[in-house]
Amino acid sequence: MKICHLTSVHPADDIRIFVKECRSLALAGHDVYLVAPNTENKIIDNVKVVGITSASGNRYKRMVDAAKSVYRAAIEIDAEVYHFHDPELMVIGLLLKRKGKKVIYDVHEDVPEQVLSKQWIPKPLRKNISVSVRRMEKFAAAKFDAVVTATPTITKRFKTYNANTVTVHNFPILQELIENSPKADRNRRKDNSFLYIGGITELRGIKEMVLAIEFLNGRGDEGELVLAGKFAPPALEQEMKQKDGWQHVDHKGWLGRSEVKDVLSQSTAGLVLIRPEPRYMVSYPIKLFEYMAAGIPSIASNFPLWEDFVIGNKCGLCVDPLDAEAIANAMKWLMDHPEEARQMGENGRKAVIEKYNWEKESQELVALYERLAGAGNRSLIWSESDEGMDFKSRSVKTVGNRNNQTL
């Protein structure tokens, strides 16, 4: 089938959208396009990337303008199936349904819950916006041909809207982070390096991590906190640099996938210490599974679901993410018990090989498309006009088919 993935927010090299879903569908033999913001037109691994501009300084205007640009590009591509990844594109999905297209909504997070903690939304408005988003998702999801979600908890809600809802977990690609031998790079491991990968925010535990590394070194232990990611907001970085613990921090900034693999190979353990919020306590943190895939133990928040992954697979320790001293104690334990830490890492690697990998998840995604290929469109009654959304033609620039490239 001719398939077009749509995003107005995520980068063209997004791990879930491009690296996993688009490439898997192209590998399965489909003709795959990806419309994404602020990128050049190109072909990578048989996926045709079509760039749109999203540059307005005003957040709300940027959302509207980007959605219009995505729609214009989508219409020009004229695919059989459209698979969109952002809640602000729900209206675009409905317009495409009106034109007789098959449409899939990919729900990465529980958006109504997410709205409640969005700092850029005025607090008095958050509850009403959350309710409105939930109602819109209920209305729109019922019209779409399928819904793909990232976690079973989200699937449970969307199943009440659309029976054709499937879970496609965002698990790691086996061969991306797993070396051929469990013993590979073991000699490169440090005995005191604790790694965090991802967006660096207060909600994701940066303050507690910096304080924990301060406690650890204050006791006479030489520990290092390695950060791989960008601060948000930027002022938070300046705040952290004023802390005593910062002298024990190595902030590497944003890293590409090959650099991520390298820094993982040198780390004692990975940190995933998100503060307790309802939407995070039922999430499946991709970084946790990447640490497991890389063969290093994790220190994770003690949410019941996360304890099932970490304690259940004997691949790390769980602590109260708000307790910096407890985090420091976990770091100290792993430093003092290197053989146990090594075994935890190998347990995590084994669990990913057997259960938590993209190779298994991609089968569910490809099977969904196979079912859609043999099914008719869902009916859609929609009376609003989409006139005025004309577009200018564009050409797709081919820059080569670079097989086996990982963005």
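Preceding block: the structure.
The rules behind these values
- Residues numbered from 1 in each chain as written.
- Predicted model: local features only at pLDDT ≥ 70, side-chain atom pairs only at ≥ 80, totals over all residues.
- Heavy atoms only, no water.
- Helix = DSSP H or I, 4+ residues; strand = E, 2+ residues; numbered from the N terminus.
- Buried < 20%, exposed > 50% of the residue type's maximum accessible area, 1.4 Å probe, protein only.
- Contact = heavy atoms within 4.5 Å.
- Polar contact = N/O pair within 3.5 Å; in protein donor to acceptor, adjacent residues only side chain to side chain.
- Pairing = 2+ DSSP bridges.
- Axes fitted to C-alpha atoms, helices over the stretch in contact; angles between N-to-C directions.
- Salt bridge = Lys/Arg side-chain N within 4 Å of Asp/Glu carboxyl O.
- Core = buried A, V, L, I, M, F, W, Y, C linked by side-chain atoms within 4.5 Å.
- Parallel < 35°, antiparallel > 145°, perpendicular 65-115°, else oblique.
- Left-handed = near helix turned anticlockwise from the far one by under 90°.

Trainee: Got a minute to help me understand unusual backbone geometry in this structure?
Mentor: Trans peptide bonds make up the majority, and among non-glycine residues the majority have a negative phi. Geometrically, the link from Ala232 to Pro233 is a cis peptide bond, its omega value of -5° lying close to zero. Structurally, the position occupied by Pro233 is in the loop between strand S10 (224–228) and helix H9 (234–241). Positive phi, normally seen in glycine, also occurs at Asp45, with a value near 50°. For Asp45, the location among the structural elements is in the loop between strand S3 (42–44) and strand S4 (47–52). Of note, Asn46 is a non-glycine position whose phi angle comes to about 70°, a positive value. Relative to the helices and strands, Asn46 is located in the loop between S3 and S4.

Trainee: Looking at this structure, I do not really get the environment of Ala26. What am I missing?
Mentor: Within the element layout of this structure, Ala26 appears in helix H1 (residues 15–27). Residue Ala26 is classed as buried on the basis of its relative accessible area, which comes to 13%. Taking the C-alpha atoms as reference points, Ala26 and Ile3, 23 residues apart in sequence, are found 9.2 Å from one another. Setting aside chain neighbours within four positions, we find Ala26 in contact with Val32, Asp45, Asn46 and Val47.

Trainee: Sorry if this is basic, but what is going on with the side chain of Arg23 here?
Mentor: Along the chain, Arg23 turns up in helix H1. Separated by 2.7 Å, the side chains of Arg23 and Asp45 make a polar contact.

Trainee: What exactly am I supposed to notice about H1 here?
Mentor: Residues that lie three or four places apart on an α-helix share one face, since the helix turns once every 3.6 residues. A large share of H1 lies buried, amounting to 11 of its 13 residues. With a side-chain oxygen positioned 3.1 Å from the backbone nitrogen of Arg16, the residue opening H1 is Asp14. Looking one or two residues past H1, Gly29 carries a phi angle of roughly 105°, positive in sign.

Trainee: What is the right way to read the sheet that holds strand S2 (residues 31–37) from this model?
Mentor: Consider a sheet: its strands pair through backbone hydrogen bonds, and that pairing is either parallel or antiparallel. Pairing is mixed in the open sheet, where 8 strands are placed in the order S3-S4-S2-S1-S5-S6-S7-S8. Strands with a single pairing partner mark the edges of an open sheet, and in this sheet they are S3 and strand S8 (165–167). Neighbour to neighbour, the strand axes of the sheet diverge by 25° on average, direction disregarded. The pairing of strand S7 (residues 146–149) with S8 spans 3 bridges and is parallel. Looking across to S8, one finds that Thr149 is bridged to Thr167. Across the face of the sheet, H1 comes into contact with strand S1 (2–6), S2, S3, S4, strand S5 (81–84), strand S6 (102–107) and S7 while running at roughly 165° to S2. Docked against the sheet, helix H2 (residues 59–77) engages S1, S2, S4 and S5, running at close to 140° with respect to S4.

Trainee: What is the right way to read the pattern of salt bridges from this model?
Mentor: Where charged atoms of side chains with opposite charge meet at close range, the side chains can pair. Within the structure shown, the criterion is met by 26 salt bridges. Of the charged contacts, one joins Asp106 and Arg16 as a salt bridge, the two residues approaching to 3.2 Å between their closest N and O atoms. Of the two residues, Asp106 is situated in strand S6 and Arg16 in helix H1; the sequence distance between them amounts to 90 residues. Since its relative accessible area comes to 0%, Asp106 is described here as buried. The exposure class of Arg16 is buried, given its relative accessible area of 4%. A salt bridge links Asp250 to Lys252, with the shortest nitrogen-to-oxygen separation between them at 3.0 Å. Through salt bridges with shared partners, a single network forms among Glu202, Lys207, Glu208, Glu239 and Arg275.

Trainee: How do you make sense of the nonpolar core when you look at a structure like this?
Mentor: Counting 62 residues, the largest nonpolar core has Phe194, Ile206, Leu227, Leu264, Leu271, Ile299 and Met331 as its most contacted members. Examining the composition of this core, we find that 7 residues originate from one element, helix H14 (residues 324–336), more than from any other. Dropping the residues within four chain positions of it, Ile206 is found in contact with Ile200, Thr201, Leu227, Phe231, Leu236 and Met240. By size, the runner-up hydrophobic cluster in this structure holds 36 residues, among which are Val70, Ile77, Ile121 and Ala140.

Trainee: Looking at this structure, how should I read the packing of H1 against helix H16 (residues 358–373)?
Mentor: Each pair of packed helices can be summarised by the angle the axes make with each other and by the distance between the axes. Between H1 and H16, whose axes approach to 10 Å, the crossing angle comes to 60°. Judged on the interaxial angle alone, H16 and H1 are oblique. Helix-helix and strand crossings are classified by hand; for H1 and H16 the assignment is right-handed. Listed contacts from H16 to Lys20, Glu21, Ser24 and Leu25 of H1 are Trp358, Ser362, Leu365, Val366 and Tyr369.

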